[in-house]
Amino acid sequence: MPRRLMPCRPTPGSSARRMPGVSCLSVAALLGVVLLPACSSGPRSSTDLTAPRNHLLAEDRGASGGEDKLKGGVNAYLWRATLDTISFMPVATADAEGGIILTDWYTPPAAHNERFKITAFILDRRLRSDALRLSVFRQVKEGDEWVDSPPAANTASDIAARILSRARKLRADNGNRDD
């Protein structure tokens, strides 16, 4: 015989009593608060936690946290040059294997009513201008809200030119080797 769930509120004619001011939801919440600490394995201190490591802001900005060669399908010089060029912006996501770098919104110190975001895609293992795809997004503050606005027409191409120039310099400093 299947078990039936009892309703929270007594049905007319039932012998169950309801406590005034107590609902099923509040009883469930109370049980959750009481039983949740029992899931812990013991007291934890702040010394048990590992400090976060930010490889992107470390001294060596190799794509894999210190290696000179990439294991993925992107050009290491373009990868490093892109990180170096946009290092003034906060990096939200960087995937060396996929060749994607996403920044968070950046507000220039001189302009408090606009902010920028960059998305960079490195598409090839060769150091070529068409191996880099860059998108720049701009928002302007109107009242209390940020509204999308197109950036200047040459912004993305200027940043891409700086990245390519930096990548060529990195390659030259490495003896023009592609390994």
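Structural notes, computed from the coordinates. (Residues numbered from 1 in each chain as written. Predicted model: local features only at pLDDT ≥ 70, side-chain atom pairs only at ≥ 80, totals over all residues. Heavy atoms only, no water.)

**Topic: the overall build of the protein**
Argument step 1. Of the regular secondary structure elements, the protein holds three helices and five strands.
Argument step 2. Mapped in sequence order, the helices and strands of the protein form the string α-α-β-β-β-β-β-α.
Argument step 3. Looking at the protein as a whole, 24% of its 179 residues qualify as buried.
Argument step 4. Contacts in the protein between residues at least 24 apart in sequence constitute 43% of all its contacts with a sequence separation of at least 6.
Argument step 5. When the accessible area of the protein is evaluated, it comes to approximately 13200 Å², of which 54% is carbon and sulfur surface. (Helix = DSSP H or I, 4+ residues; strand = E, 2+ residues; numbered from the N terminus. Buried < 20%, exposed > 50% of the residue type's maximum accessible area, 1.4 Å probe, protein only. Contact = heavy atoms within 4.5 Å. Areas by Shrake-Rupley, 256 points an atom, 1.4 Å probe, with all protein chains shown as cover.)

**Some points on the environment of Val 147**
Argument step 1. Positionally, Val 147 belongs in strand β5 (residues 145-149).
Argument step 2. The spacing of Val 147 and Glu 114 is 33 residues in sequence and 9.3 Å in space, taken between C-alpha atoms.
Argument step 3. Those residues in contact with Val 147 that lie beyond four places of it in its chain are Arg 138, Gln 139, Val 140 and Glu 142.

**Concerning the pairing of strand β3 (residues 114-122)**
Residues in a regular strand point their side chains to alternate faces of the sheet.
Argument step 1. For β3, the buried fraction is high: seven of the nine residues fall into the buried class.
Argument step 2. Both strand β2 (residues 100-103) and β3 contribute to a ladder of three bridges, which runs antiparallel. For Ile 100, the partnering residue across the bridge sits in β3 and is Phe 121.
Argument step 3. When β3 meets strand β4 (residues 132-142), the two strands line up antiparallel, connected through nine bridges. Paired with Ala 120 across the strands is Leu 134, a residue of β4. (Pairing = 2+ DSSP bridges.)

**Remarks on the sheet that holds strand β1 (residues 91-95)**
Argument step 1. What the five strands build is an open sheet, ordered β1-β2-β3-β4-β5; its pairing is antiparallel. Because the sheet does not close on itself, it has two edges, and the strands there are β1 and β5. Taken over all neighbouring pairs, the strand axes of this sheet differ in orientation by 15 degrees on average, direction set aside.
Argument step 2. Sheet contacts for helix α3 (residues 155-173): β3 and β4; angle to β4, the most-contacted strand, approximately 135 degrees. (Axes fitted to C-alpha atoms, helices over the stretch in contact; angles between N-to-C directions.)

**Description of helix α2 (residues 76-85)**
Argument step 1. Along α2, eight of the ten residues are buried, which leaves the element largely enclosed by surrounding structure.
Argument step 2. Within α2 the residues assigned to the buried category are Tyr 77, Leu 78, Trp 79, Ala 81, Thr 82, Leu 83, Asp 84 and Thr 85.
Argument step 3. Residues of α2 that are buried make contact with β1, β2, β3, β4 and α3.

**Here's the deal with the side chain of Thr 82**
Argument step 1. Mapped onto the elements, Thr 82 comes out in helix α2.
Argument step 2. Given the relative accessible area of 0%, Thr 82 is considered buried.
Argument step 3. A distance of 2.6 Å separates the side chain of Thr 82 from the backbone oxygen of Leu 78, its partner in a polar contact.
Argument step 4. With residues near it in sequence (within four places) discarded, Thr 82 still touches Ile 101, Ala 120, Ile 122, Leu 132 and Ile 163. (Polar contact = N/O pair within 3.5 Å; in protein donor to acceptor, adjacent residues only side chain to side chain.)

**Brief notes about the pairing of β2**
Argument step 1. Judged by which residues are buried, β2 turns out to be one-sided: Ile 101 and Thr 103 face inward and are buried, whereas Ile 100 and Leu 102, on the alternate face, are not.
Argument step 2. The pairing of β1 with β2 spans four bridges and is classified as antiparallel. Paired with Thr 93 across the strands is Leu 102, a residue of β2.
Argument step 3. In this antiparallel pair of consecutive strands, β1 and β2, the connection spans four residues, and Gly 99 shows a positive phi of 75 degrees.

**Observations regarding the nonpolar core**
Argument step 1. If you look at the biggest cluster of nonpolar residues, it comprises 25 residues, and the most contacted ones within it are Leu 78, Ile 118, Leu 134, Ile 159 and Ile 163.
Argument step 2. Counting only elements with at least two residues in this core, the list comes to α2, β3, β4 and α3.
Argument step 3. Once you skip the residues sitting within four places of it in the chain, Ile 159 turns out to touch Thr 85, Ile 86, Ile 118, Leu 134 and Val 136. (Core = buried A, V, L, I, M, F, W, Y, C linked by side-chain atoms within 4.5 Å.)

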